[in-house]
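Spelled out, the chains give:
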Amino acid sequence: MLSNRLDSKILKTRDSYVAKLKEMGIKTLADLLTYFPRAYRDEQEFTRINEMRTDEVNVIQAKIKSILNVPTRAGGVVTRAVVADSTGELPVMWFNQRHLKQMFFKGSEIILTGKIKFEKGRTMMMSPKYEKPAAVLLHTGRIVPVYPESEEITSKWLREKIFHLLPYAKFFDEYLPFWVLQGEGLLSYSDAIYHVHFAKDEDFLNKARERLAFDELFMLQFMALRRKKWWQEGFTGEKKQVSPELDMTYFYSALPFELTGAQKRTIGEIFTDLKRDFPMLRLVQGDVGSGKTAVAAAAIYAMVKSGYQCVLMAPTEILARQHYKNLTELLTRFGFNVQLMTGSMTAGEHAAVAMQLATGTCDVVIGTHALIQEGITFPKLGLVVIDEQHRFGVKQRAKLKAQGFPHLLNLSATPIPRTMALTIYGDQDLSILDELPPGRTPIVTRLVPEDKRSDAEFWVSDQVTKGRQVFVVCPLIEESDAIQVKAATLEFERLSKEVFPQHRLALLHGKMKADDKETVMQAFSQGDIDILVSTSVIEVGIDVPNASIMMIEGSDRFGLAQLHQFRGRVGRGAHQSYCFLFTDSNTDQALQRLKYMVKFNSGFDLAEKDLELRGPGEIYGVKQSGIPDLRMASFSNKELLDRVRACAQRLVDEDPNLTGYPVLAEKILKLESQMEVTDAA
Ligand code: ADP
Ligand code: MG
């Protein structure tokens, strides 16, 4: 029934409307009934004529005292009416709506929705919307649903059609367990569908929205928690626990600094995982510079000391090399054999490392995300650390299971609000590094309008003369590598020739050969280059302590999280660091976002603001996560999320295969196959 295709007969409309609906993705009766309003107008109470206000839309119910059509000189017609309720009279005018005279007569009741204005000392209403009072009011005199519209498909049209077909809502099967409905006091699914469109009153509307929001989060939580359960239970074979004799003192004393409280706490959480019967699946979220590497190194140390091999994977070759450099420095003093394995190595070099891995002589291998896919064997793989990979999903994890089911540690420098993290990464345990190492001077961030550009460039030039180094990030124009590269190349030429001819500049972008990139990065970190102009490839991880200025062109084109990532490239050394945001945009929204950059230094704060300003879809990594858009739920409703999570956990514990809930099972299967396309993390 509900899966029936919509046609002109059931909709009582023309074929062109059916086609339009189809374009909007509304093909079946169920699609139409689950096309939810985007907003509501509360028009439950009629305004009295003597209480109407000029600054808002008034809805009145009145009686027609007189109505007549007056021809105009231009050949049109003006309909003039006077309506009255118990408190007063109101003149009303419409233009070229001759038929009104046929619809309404002296003495008819009419409902009018419109603004009033003063003209020639009188209050009057011009061209209001009108409706005959009926047994059921649809367009006024109630909580009126407002739908996402397209050109022909208006809210008014949708209201009529949906109302007409709403009785079919009772054919929607209930799919949530009864104990959830009862325990949470939720409306049944079909009642929720009914009231989300035409709520009896505000209470019912709120209940309907609560139920539908609950459903959206519930599906995602159930899927995530079930993946977590399956990860834990899918484990068979040898337990990869840290040895009970493990002593970390040597490692801690080798670190050139005291760990922060947050680092200690996170390492504690990891060690608890490493002592369990099943492999760890943990996400560490921490701002740029919060010291995630040291945390990962502690885990690596513990595992190698317990006799296992470890892998660290980074999103780019540059980052892999950087990790290699830092970790060899730290770990070789313990006698560990640390190797690098990247795409740009020769086949021979590759084979040599693979051999060391296969024979178990190599303890730690560092490379890009491709590493795990290359069919290399690790006889004693104990831990995989994944740096900054939002898309490291279910499929890749399945590969890891085949490699002996190691512990998995994800590191992410894009903080997102906790409620969102629990939804998106709900199958992982979460550690948060919410503390920066002491002694960091906050980066000074400035918004630079176009007319201040040359002042800023002059100042930057002076800083370079004093020995500082500079990053320039070019704007994101569209999601095309080729165009990005071209924009960066042009900017590089402009800066080299016109702005900083006396300094040494270099260009870096994703289309360059790995060797060339490496050469440029090497030169920049050795100080042989003053100004590095690049596309967003430098976004994650690059560590050049002497670089103290970050210039971001077209900054309004980036999200807050991304801007914050860029900014994190500076402020790593002894010098006061600066971030300049260039923009030629002057829309309020863009400027507000950039002002938040100036005001806040913490990535967690900025993520909250991004959620407020732009919605969850714009938060970095969310789109890639494959999570469908939430239509009803909001990530800021922590209370609801806690309830959802508790119910989803209970269902995962009691009936993970949903044998008792076939309708829910089918819905979840469908959602999972949709999300698998993008390979949700
Ligand atoms: P991220 O979390 O961005 O990966 P890193 O691990 O690269 O951060 O650390 C950033 C810098 O801070 C590195 O130079 C690192 O040596 C240093 N660092 C890390 N932890 C501490 C600490 N507890 N005290 C002082 N410096 C630290
Ligand atoms: Mg890092």
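Enquirer: I'd like a description of the site of ligand 1, backed by residues and values.
Expert: Contacts to ligand 1 come from 15 residues, most closely from Glu258, Gly289, Lys292, Thr293 and Arg440. Within the contact set of ligand 1, an oxygen atom lies 3.4 Å away from a backbone nitrogen or oxygen of Ser290. Summarising the interface, the protein chains cover 74% of the accessible area of ligand 1, which totals 560 Å² for the free molecule. Considered class by class, the residues forming the shell around ligand 1 number four nonpolar, six polar and five charged.

Enquirer: Give me the sheet that holds strand E12 (residues 338–341): which residues, what numbers.
Expert: Strand order in the open sheet formed by seven strands is E12-E13-E11-E14-E15-E10-E16, with parallel pairing between adjacent strands. Of all the strands in the sheet, just E12 and strand E16 (429–433) have a single pairing partner and so form its edges. Averaged over all neighbouring strand pairs, the angle between strand axes comes to 20°, with direction disregarded. Pairing between strand E11 (residues 309–314) and strand E13 (residues 364–368): five bridges, direction parallel. The residue of E13 that forms the bridge with Cys310 is Val364. Contacts from helix H12 (residues 317–331) reach E11, E12, E13 and strand E14 (381–387), with the element oriented near 160° to E13. Most of the contacts of helix H13 (residues 347–358) go to E12, to which it runs at about 135°, and overall it touches E11, E12 and E13.

Enquirer: Lay out the packing of helix H10 (residues 261–274) against helix H11 (residues 292–305) with the relevant residues and their values.
Expert: A packed helix pair is summarised by two numbers, namely the angle formed by the two axes and the spacing between the axes. Following both chains from N to C, one finds H10 and H11 inclined at 35°, their axes separated by 10 Å at the closest point. Every pair of crossing elements has a handedness; the one defined by H10 and H11 is right-handed. Residues Gln263, Thr266, Ile267, Ile270, Phe271 and Leu274 of H10 form the contact with H11, whose own contacting residues are Ala294, Val295, Ala298, Ala299, Ala302 and Met303. Per-class residue counts for the contact of H10 with H11 are ten nonpolar, two polar and no charged.

Enquirer: Residues and numbers for the packing of helix H19 (residues 560–567) against helix H20 (residues 588–599), please.
Expert: Where H19 contacts H20, the two axes come as close as 10 Å, and the packing angle between them is 40°. Taken as axis vectors, H19 and H20 run oblique relative to one another. Of the two possible hands of crossing, H19 and H20 adopt the one that is right-handed. Contact residues: Leu560, Leu563, His564 and Arg567 in H19; Arg593, Leu594, Tyr596 and Met597 in H20. A class-by-class count of the residues in the contact of H19 with H20 yields five nonpolar, one polar and two charged.

Enquirer: Describe the packing of aromatic side chains, and please don't skip the residues or the numbers.
Expert: Enumeration over the complete set of coordinates arrives at 24 aromatic pairs. Taking 6.1 Å as the distance between ring centres and 85° as the angle between the ring planes, the aromatic pair formed by Phe104 and Tyr130 counts as edge-to-face. Pair noted here: Phe104 is in the loop between helix H4 (100–103) and strand E5 (109–114) and Tyr130 is in strand E8 (residues 129–131), with a separation of 26 residues, a long-range link. Given a relative accessible area of 1%, Phe104 falls into the buried group. By relative accessible area, Tyr130 is classed as partly exposed at 22%. Judged by centre distance (6.2 Å) and plane angle (35°), the rings of Tyr168 and Phe171 are tilted. On the basis of relative accessibility, which here comes to 42%, the residue Phe171 falls in the partly exposed class. Here the aromatic residues Tyr250, Phe251, Tyr252, Tyr301, Phe334 and Phe336 are joined through ring pairs into a cluster of three or more.

Thresholds, definitions, all that
- Residues numbered from 1 in each chain as written.
- Chains lettered and ligands numbered in written order.
- Predicted model: local features only at pLDDT ≥ 70, side-chain atom pairs only at ≥ 80, totals over all residues.
- Heavy atoms only, no water.
- Near = heavy atom within 4 Å.
- Polar contact = N/O pair within 3.5 Å; in protein donor to acceptor, adjacent residues only side chain to side chain.
- Areas by Shrake-Rupley, 256 points an atom, 1.4 Å probe, with all protein chains shown as cover.
- Nonpolar A, V, L, I, M, F, W, Y, C, P; charged D, E, K, R; others polar.
- Pairing = 2+ DSSP bridges.
- Helix = DSSP H or I, 4+ residues; strand = E, 2+ residues; numbered from the N terminus.
- Axes fitted to C-alpha atoms, helices over the stretch in contact; angles between N-to-C directions.
- Contact = heavy atoms within 4.5 Å.
- Left-handed = near helix turned anticlockwise from the far one by under 90°.
- Parallel < 35°, antiparallel > 145°, perpendicular 65-115°, else oblique.
- Phe/Tyr/Trp six-rings, centres within 6.5 Å; stacked < 30°, edge-to-face > 60°.
- Buried < 20%, exposed > 50% of the residue type's maximum accessible area, 1.4 Å probe, protein only.

Any link to function would need more than the numbers given here.
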